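Listed below are the residues making up each chain.
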Amino acid sequence: MPVPSRFAALMFAGLTISTVRAGDAAATRISKTWDLESSKWKYAVAAADTPEARTHAAAARPDLSPYLKDMWAQLNGNLAEAWTLPHAAWFLRAAPTVLKSRDTGAAIPIFAAEIETIRTALEKHHIKSPGLIPVCMALATFQDPRSLDTLKKIATGNPDAKIQGVAALAAAMVMKSLGDDSRVMRERLTFLREAIIKSSDVDVGGTTVAKVAEDELYIIRFLSKGRIAPDLAGAGSGGQQMKLSDFSGKVVLLLFWGSNVMDAEQTVKITNELIKRMAGKPFVVIGVNRDPVAKLRALEADGTVTWKNFADPDGKIATQFRVGSWPLAIVLDGTRKIQYSGPPGSFAELTAEALLADAPAEP
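What you see as residue numbers is a count from 1 along each chain, following the sequence as written. In keeping with the predicted nature of the model, local features appear solely for residues at pLDDT of at least 70, side-chain atom pairs appear and are counted solely at 80 or more, and the whole-chain, interface and lining totals rest on all residues. The side-chain quantities take in all heavy atoms of the structure and omit both hydrogens and water.

Helix and strand counts for the protein stand at 14 helices and 11 strands. Think of it in three bands: residues with accessible area under 20% of the maximum for their type are buried, residues over 50% are exposed, and the middle band is partly exposed, with areas taken using a 1.4 Å probe on protein chains only. Counting over 363 residues, the protein shows a buried share of 44%. Long-range contacts, defined as pairs at least 24 residues apart, comprise 65% of the intrachain contacts of the protein with a sequence gap of at least 6. Every accessible area reported is derived by Shrake-Rupley at a probe size of 1.4 Å, with residue values counting cover from the shown protein chains alone. As displayed, the protein has an accessible area near 18600 Å², and 56% of this comes from carbon and sulfur atoms. When charges are counted, Lys and Arg contribute as positive and Asp and Glu as negative, whereas His and the chain ends are disregarded. Lysine's charge is taken at NZ, arginine's at CZ, aspartate's at CG and glutamate's at CD. Charge separation in the protein, taken as the distance between the mean sites of 43 positive and 39 negative side-chain charges, equals 3 Å. By the criteria applied, helices consist of DSSP H or I runs no shorter than four residues and strands consist of E runs no shorter than two, each listed in order from the N terminus. When checking whether two residues touch, look at their non-hydrogen atoms; a contact exists if any pair is within 4.5 Å.

This is the structure we're talking about:
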């Protein structure tokens, strides 16, 4: 007996709803499991109190790649569906941290193709969708200029003014990677004004659009390339008072870090190696460390860390410098003028080397 068309339609709708619920539940399970594993690892690293324990804890870092692969298995082929949006936002935040090296030595995300597929799907299916606020902020976290077009399309094409404002805020954040050209700065300011007007009270990750925009305006005024960095002051792990201006005349790599941030072990390794290579030059690394003071003191005492550090367990200095992504390197010339701000590594080192090229060696 043929199945009545109305009954067949109801069966199909039921199967579709069941499939959506299963995919949504599986994706939620993946992200929550990763978040739990990551939190457990960070706690173990923070609790380690000897070099051996720290090495063991750092080596036990959970691998994000299988979680991303599992998440992609849920998203792939379903990105036109609204239920994928929060999970796509999680993927966009997490995937850029998993890198591979090209033959040239440059690092690129392993999941670059998947990230691009998500961007394409957003533009094709979701410019006018609700639920885009987490996606917009995820696109802003890794400051890929290719995301700027997507955010601009959301800012002008979404019917919800609050989503327009969040997209404008995210666009302004992405534009930090484009430099300090006057045209870029004007466009960033325009986006920030739009964000404040349309979305000031919208919650974005536990804070508001107004607060994030205020921080971005502060960065433009005081922490952009070419600005004189604030003369931060504080205490080292032993209570000794320090000021950034104590190192006037030297190239300074100001490193915001902690033992439980992602890639902390690698950050410590490359920084110690950089200090050795720069020996005899007017160069210094100054850390701003967010560990408990006792932990920082132990790291310095056993030689794990070979540079001076401001102890900043309550985050006051990090807040002054509007640090949103850890670790962060800021390279200053001898007059405390900002010449680079971004992840530690090759670009920070190249900036420091360029500044030191004509500097006389220290006696």
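To define a nonpolar core, start from buried Ala, Val, Leu, Ile, Met, Phe, Trp, Tyr and Cys residues and group those joined through side-chain atoms within 4.5 Å. Ranked by internal contacts, the top residues of the largest apolar core, which has 59 residues, are Leu68, Trp90, Phe91 and Leu169. In terms of residue count, helix H8 (residues 161-174) provides more of this core than any other element does, 10 residues in total. Once residues within four sequence positions are removed from consideration, Leu169 is found in contact with Met137, Phe191, Leu192, Ala195, Val209, Val212 and Ala213. If you look at the next biggest cluster of nonpolar residues, it comprises 22 residues, including Leu244, Phe310, Phe321 and Leu332.

This part takes up the pattern of salt bridges. Salt bridge, as used here, is a side-chain nitrogen of Lys or Arg placed within 4 Å of a carboxyl oxygen of Asp or Glu. Going through the model one piece at a time under the given rule, you end up with 15 salt bridges. One salt bridge connects Glu187 with Lys152, and the closest N-O pair in it is separated by 3.0 Å. On the criterion of sequence distance, the pair formed by Glu187 in helix H9 (residues 182-199) and Lys152 in helix H7 (residues 147-157) is long-range, its members being 35 residues apart. Owing to a relative accessible area of 21%, Glu187 belongs among the partly exposed residues under this scheme. Here the salt bridges do not stand alone but share partners, grouping Glu116, Arg119, Asp144 and Arg146 into one network.

To continue, consider the environment of Pro62. Within the fold, Pro62 resides in the loop between helix H2 (51-59) and helix H3 (65-75). Owing to a relative accessible area of 17%, Pro62 belongs among the buried residues under this scheme. Taking C-alpha positions, Pro62 is 7.2 Å from Trp41, a pair spaced 21 residues apart along the chain. Apart from residues no more than four positions distant in its own chain, Pro62 is found in contact with Trp34, Glu37, Ser38 and Trp41.

Axis geometry follows a simple rule: fit a line to the C-alpha atoms, using only the stretch in contact for helices, then measure angles between N-to-C directions, giving values from 0 to 180 degrees. For the pair helix H4 (residues 85-94) and helix H5 (residues 112-125), interaxial distance at closest approach is 10 Å and the crossing angle is 145°. For the crossing formed where H4 meets H5, the hand is left-handed. When H4 is examined against H5, the residues Leu85, Ala88, Phe91 and Leu92 are found in contact with a partner set consisting of Glu114, Ile115, Ile118 and Leu122. The crossing is said to be left-handed when, going from far helix to near helix, the turn is anticlockwise and less than a right angle, and right-handed when the turn is clockwise.

Our focus in this paragraph is the side chain of Glu216. In this structure, Glu216 sits in helix H10 (residues 209-223). Setting aside anything within four residues of it in sequence, one finds Glu216 in contact with Ala172, Met173, Lys176, Arg188 and Leu192.

One non-glycine residue, Arg322, lies in the positive phi region at around 55°. Along the chain, Arg322 falls in the loop between helix H13 (316-320) and strand E10 (328-332). For Arg336, which is not glycine, the phi dihedral falls at a positive 75°. By the element assignment, Arg336 lies in the loop between E10 and strand E11 (338-342).

Here Ser129 lies in the loop between H5 and helix H6 (133-141). Any pair of nitrogen or oxygen atoms within 3.5 Å is treated as a polar contact; in protein, a donor-acceptor pairing is required on top of that, and neighbouring residues in sequence qualify only through side-chain atoms on both sides. Only 2.9 Å separates the side chain of Ser129 from the side chain of His126, close enough to count as a polar contact. Apart from the residues within four sequence positions on either side, Ser129 is in contact with Leu85, Asn158 and Ile163.

Let us look at the pairing of strand E9 (residues 308-311). By the convention used here, strands pair only if DSSP detects at least 2 bridges between them. In terms of strand pairing, strand E8 (residues 283-289) meets E9 through four bridges, oriented parallel. Paired with Gly287 across the strands is Asn309, a residue of E9. We call a crossover right-handed when, viewed with the strands running away from us, the connection from the first strand over the helix to the second turns clockwise. With helix H12 (residues 293-301) bridging E8 and its parallel neighbour E9, the resulting β-α-β unit is right-handed.

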